[in-house]
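Chains, contacts and geometry: an overview
Residue-level listing of the chains:
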Amino acid sequence: MLKSICMALMLAMLTACGGGTQKQEKKMIFKEANIEDVRESAPKLIGKEWMLITAGNDSLFNTMTASWGGLGHLWNKNVAFIFVRPQRYTFEFTEREDTFTISFFTEEYRKALNICGSKSGRNTNKVEEAGLTPYALPDGSMAFEQARMVMVCKKLYADFLDPKAFVDTAAVSKWYPTNDFHKMYVGEIIKVYRK
């Protein structure tokens, strides 16, 4: 009887250790990269490729597809700037959180990104529908297992585009006929992860 109890306890301990190992393996999906290693290729990604902007944590987050934005150097920091319209569900999260991520994918995920850009997370689980797997990064920011590169950005600046500040006024009538101006977020790139 004692031998059976000891065996059961040992099996339970091994199972618990195995579960810990699996969690550890999940954290190793991405490897931290140096921003200098991606500086030249990264600006070509925005506009040419779509990206997912994600904010929140593993209990509640939202993501949206974007093709407008940029990467650069501002205030002696490596930065990303993104644009989010106030009617997007992701806006609530980019407003509330101190960080956001931008995730880049290979071409095979174009359909998934199309779903994330055409459906709202308010009334559908678009992440599940797109076949993406949420992934919590070490700092708690959210990304996706299928991403090939993720940048974690800490918000530095946020403000709505000002219609009076447009020099090219044609852009206002073309892109903002209902005056739903984007809010621009500038975030310091604090981590870069690659596969």
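For the structure given in this document, a descriptive report is provided here. (Residues numbered from 1 in each chain as written. Predicted model: local features only at pLDDT ≥ 70, side-chain atom pairs only at ≥ 80, totals over all residues. Heavy atoms only, no water.)

1. Overview of the pairing of strand β5 (residues 77-84)
- For β5, the buried fraction is high: six of the eight residues fall into the buried class.
- Here strand β4 (residues 69-74) pairs with β5 via six bridges, running antiparallel. Across the sheet, residue G72 finds its bridge partner in β5, namely V79.
- In textbook terms, the turn of a hairpin is the stretch between consecutive antiparallel strands, and for β4 and β5 this stretch comprises two residues, one of which, W75, has a positive phi near 55 degrees. (Buried < 20%, exposed > 50% of the residue type's maximum accessible area, 1.4 Å probe, protein only. Helix = DSSP H or I, 4+ residues; strand = E, 2+ residues; numbered from the N terminus. Pairing = 2+ DSSP bridges.)

2. Quick notes on the pairing of strand β2 (residues 51-57)
- Buried residues dominate β2, accounting for six of its seven residues.
- Hairpin connection between β2 and strand β3 (residues 60-66): a loop of two residues separates the two successive antiparallel strands.
- As paired elements, β2 and strand β6 (residues 99-104) share four bridges and run antiparallel to each other. Across the sheet, residue I53 finds its bridge partner in β6, namely I102.

3. Regarding the nonpolar core
- Among the nonpolar cores identified, the biggest contains 26 residues, and I82, I102, M151, I189 and V192 are the most heavily contacted of them.
- Apart from the residues lying within four places of it in its own chain, the contact partners of V192 are K31, E32, A33, I35, V38, M149, V150 and M151. (Core = buried A, V, L, I, M, F, W, Y, C linked by side-chain atoms within 4.5 Å. Contact = heavy atoms within 4.5 Å.)

4. Remarks on a nonpolar patch on the surface
- Taken together, the side chains of L74, W75, L156 and Y157 define a hydrophobic patch exposed on the protein surface, amounting to about 370 Å² of accessible area.
- With respect to the helices and strands, L74 occurs in strand β4.
- Its relative accessible area of 32% is what places L74 among the partly exposed residues. (Patch = residues over 30% accessible without salt bridge, like charges linked within 9 Å, V, L, I, M, F, W, Y side chains within 5 Å. Areas by Shrake-Rupley, 256 points an atom, 1.4 Å probe, with all protein chains shown as cover. Salt bridge = Lys/Arg side-chain N within 4 Å of Asp/Glu carboxyl O.)

5. A short note on the environment of M151
- Within the secondary structure layout, M151 lies in strand β9 (residues 149-160).
- Classification of M151 by relative accessible area gives buried; the value is 0%.

6. Focus: the pattern of salt bridges
- Applying the stated criterion across every chain yields a total of eight salt bridges.
- For the salt bridge of K191 with E32, the shortest nitrogen-to-oxygen distance reads 3.1 Å. In this pair, K191 is assigned in strand β10 (residues 183-194) and E32 in strand β1 (residues 31-33), connecting sequence segments 159 residues apart.
- The closest approach of N and O atoms between E92 and R122, which form a salt bridge, is 3.6 Å. Note that E92 is positioned in helix α4 (residues 89-96) and R122 in the loop between α5 (110-118) and α6 (126-130), a separation of 30 residues in sequence.

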